[in-house]
Amino acid sequence: ELLIETKQLQKKYVTDTVETTALAGVDLRIAKGEFVAIMGPSGCGKSTLLNILGLLDSPSGGMFKFQGEDITHASERQRAKIRKHNLGFVFQSFNLIDELTVEENIALPLAYLGVSKAETEKRVTEAMERMGIAHRRNHFPQQLSGGQQQRAAIARATVSSPSLILADEPTGNLDSVHGREVMALLTELNEAGTTVVMVTHSPSDAEYAHRIVNLFDGQIVTENLNVRKHAAE
Ligand code: ADP
Ligand code: ADP
């Protein structure tokens, strides 16, 4: 069953004087439960693609279906609704809110969904425990190590049980030990059924994916199945 399907997806950025083609016809199909890594040199369109797949931006051309629904021309309001219910984001720089505690940060997506206080308490505690940061619930982000901040960010991204997690260089600001820890947590979430799409420069992080999609100049140039990962399953 497909979660994502794009056909000839295009994105052009137009400023006063220049037009940049960031995506030049991307055909991508991602099944539910897959773990896909997107790789390629700087400027090849990775972030643009992730932003469109994450419904943060809309394409300039082509077709984009999410969970079978054609949302190529969805309004910002419709995209926001789908994001809120189905998506979780993990960023290189964690993007936690400094003025809120770990627990308050993780509760935010549930507040947007209007989840009750008791249910929020329960789900936030579960998410913190799964990520091993329950002992830091009352700390502020700046009081945590990078690894702890990213674990808090993953707890926030998953507290609403999204069908898709989009991760942009999730280990980019971490040392290798904490990077591997974050990849192991993303793998655990994937094995529990969540689809993961991750942009990465790191070949060792890409090893955690089922499939590696290589972009160059806004197009998919190669796709590799991760033989080791498939063999292991
Ligand atoms: P990557 O993530 O692979 O580094 P991006 O998706 O950020 O690539 O960028 C793809 C191309 O689109 C680049 O040429 C970049 O300069 C351009 N680009 C990205 N965002 C914008 C923007 N908001 N306005 C204009 N050009 C942009
Ligand atoms: P870092 O990301 O900086 O390695 P950790 O959270 O892994 O931080 O570890 C910080 C301290 O918290 C360590 O002493 C560790 O043993 C302890 N710790 C880690 N996870 C838990 C947990 N789930 N419950 C209680 N203590 C923990």
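Residues numbered from 1 in each chain as written. Chains lettered and ligands numbered in written order. Predicted model: local features only at pLDDT ≥ 70, side-chain atom pairs only at ≥ 80, totals over all residues. Heavy atoms only, no water.

- For the chain, an unreviewed UniProt entry supplies the name ABC transporter ATP-binding protein and the organism Pontibacter fetidus.
- If you open the UniProt record of the chain and go to Sequence similarities (unreviewed entry), you find "Belongs to the ABC transporter superfamily. Macrolide exporter (TC 3.A.1.122) family." (UniProt positions renumbered as here; feature names shortened; annotations may be inferred.)

### Considering the site of ligand 1
- Every residue close to ligand 1 is listed here: Tyr-13, Thr-20, Ala-22, Pro-41, Ser-42, Gly-43, Cys-44, Gly-45, Lys-46, Ser-47 and Thr-48.
- Cys-44 is positioned with one of its backbone polar atoms (N or O) 3.2 Å from an oxygen atom of ligand 1.
- Within the contact set of ligand 1, an oxygen atom lies 2.8 Å away from a side-chain nitrogen or oxygen of Ser-47.
- Of all the elements in the fold, those that place two or more residues in the shell around ligand 1 are strand 2 (19-31) and helix 1 (46-53).
- Ranked by residues supplied to the shell around ligand 1, first place goes to helix 1 with 3 residues.
- Across the shell around ligand 1, the residue classes break down as 4 nonpolar, 6 polar and 1 charged. (Near = heavy atom within 4 Å. Polar contact = N/O pair within 3.5 Å; in protein donor to acceptor, adjacent residues only side chain to side chain. Helix = DSSP H or I, 4+ residues; strand = E, 2+ residues; numbered from the N terminus. Nonpolar A, V, L, I, M, F, W, Y, C, P; charged D, E, K, R; others polar.)

### Describing the nonpolar core
- The biggest cluster of nonpolar side chains holds 35 residues, and the ones touching the most others in it are Ile-106, Ile-133 and Leu-186.
- Looking at this core, the elements with two or more residues in it are strand 3 (35-39), helix 3 (102-113), helix 4 (117-130), helix 5 (146-158), strand 7 (164-168), helix 6 (176-191) and strand 8 (195-199).
- Setting aside residues up to four positions removed in sequence, Ile-106 forms contacts with Val-124, Ala-127, Met-128, Ile-133, Ala-152, Ala-155, Arg-156 and Val-159.
- Ile-4, Leu-50, Ile-52 and Leu-87 belong to the second largest nonpolar core, which has 28 residues in total. (Core = buried A, V, L, I, M, F, W, Y, C linked by side-chain atoms within 4.5 Å. Buried < 20%, exposed > 50% of the residue type's maximum accessible area, 1.4 Å probe, protein only. Contact = heavy atoms within 4.5 Å.)

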